[in-house]
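Residues per chain, in single letters:
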Amino acid sequence: MKESNKLPCKLGRPRTFDEEQALDRAMEVFWEKGYEGSSLPELTTAMGMNRPSLYAVFGNKETLFRKALERYQSTRMNYCDVALEKPTARAVVEALLRGAVDAQTRPDSPHGCLNVNGALACSDEAKPVRDELIARREHSETRLRDRLRQAREAGDLPADACPEQLARYVATVRQGLAVQAAAGVERAQLHTVIDIVIQSWPVGKLVQSASQ
């Protein structure tokens with residue numbers, strides 16, 4: 001029998017790739033540097049993959065950013081759903097603001113909010129990304145507005161309270177806290193701002209009678 005002169009095939013271990021881990025690294029780059037401030041070389045280095053692989057798995061930079069946003073929403077903003085289930089409007093707002101500050105000042109991740117940091121400065125070419133972030137912030141504000149309407153109907157807010165104005169007020173404070181967190185303001189200092197918001201929060205007859 002004639003011996004084959006071919007070398008035997010070597011079965012090496014298949015290359016493992018953790019898509020969620022790579023997406024987390026991309027999320028952190030976008031979070032820290034914003035959409036336009038994040039270059040492809042920075043993204044590929046952080047993700048541990050070359051550019052062709054990035055395109056093959058995640059698509060172009062805009063698609064990657066949108067996927068990073070979804071990842072951020074599911075892993076870093078789960079406090080929002082919990083907050084909206086609180087029994088009173090004041091408890092809802094406090095949980096939203098304190099949850100945001102705690103998430104945005106973690107020592108193991110960039111500070112601030114990706115939804116705010118992502119497009120603080122964007123060119124016309126990045127308008128779709130900016131519009132996406134604006135839409136996400138508006139959706140969050142709408143959910144709070146609807147919850148505050150329920151609170152007013154239940155007597156948890158004064159009858160003359162405006163859920164739209166209160167929701168916009170909370171959204172403005174929340175975004176301001178995110179900017180402050182990104183600038184390096186300490187968590188404890190940001191919580192003192194929330195203390196002022198909660199102390200001045202309007203309450204309805206239902207809450208007043210319960211506290212008596």
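Let me begin by describing the structure that accompanies this report. These numbers were taken from a predicted model, which means no experiment stands behind them. (Residues numbered from 1 in each chain as written. Predicted model: local features only at pLDDT ≥ 70, side-chain atom pairs only at ≥ 80, totals over all residues. Heavy atoms only, no water.)

### A look at the side chain of R136
Here is step 1: Topologically, R136 is positioned in helix 8 (residues 127–153).
Here is step 2: You can call R136 buried: its relative accessible area is 15%.
Here is step 3: Setting aside anything within four residues of it in sequence, one finds R136 in contact with L69, E70, Q73 and N115. (Helix = DSSP H or I, 4+ residues; strand = E, 2+ residues; numbered from the N terminus. Buried < 20%, exposed > 50% of the residue type's maximum accessible area, 1.4 Å probe, protein only. Contact = heavy atoms within 4.5 Å.)

### Here's the deal with the packing of aromatic side chains
Here is step 1: Summed over all chains, the structure comprises 4 aromatic pairs.
Here is step 2: Plain terms: the ring middles of Y35 and F65 are 5.1 Å apart, the flat faces sit at 65 degrees to each other, and that makes the pair edge-to-face. Linking Y35 in the loop between helix 1 (19–33) and helix 2 (40–47) with F65 in helix 4 (residues 61–76), this pair joins segments that are 30 residues apart in sequence. Both residues of the pair, Y35 and F65, belong to the buried class.
Here is step 3: Here the aromatic cluster, defined as three or more aromatic residues joined through ring pairs, consists of F30, Y35 and F65. (Phe/Tyr/Trp six-rings, centres within 6.5 Å; stacked < 30°, edge-to-face > 60°.)

### Observations concerning the layout of surface pockets
Here is step 1: When its volume is computed, the largest pocket comes out at roughly 360 Å³.
Here is step 2: Secondary structure elements with two or more residues in the lining of the largest pocket: helix 5 (79–84), helix 6 (89–104), helix 7 (114–117), helix 8 and helix 9 (163–182).
Here is step 3: Its residues assigned to classes, the lining of the largest pocket shows 11 nonpolar, 6 polar and 5 charged.
Here is step 4: When its volume is computed, the second largest pocket comes out at roughly 210 Å³.
Here is step 5: Every residue lining the second largest pocket is listed: I134, R137, E138, E141, T142, R145, E164, A167, R168, A171 and Q175.
Here is step 6: Per-element tally for the lining of the second largest pocket: the top contributor is helix 8, with 6 residues.
Here is step 7: In terms of residue class, the lining of the second largest pocket is built from 3 nonpolar, 2 polar and 6 charged. (1 Å grid on protein atoms, 1.4 Å probe; cavity = no way out; pocket = protein on both sides within 12 Å on 5 of 7 lines; lining within 4 Å. Points joined across faces, edges and corners; volume = space filled by probe spheres on them. Nonpolar A, V, L, I, M, F, W, Y, C, P; charged D, E, K, R; others polar.)

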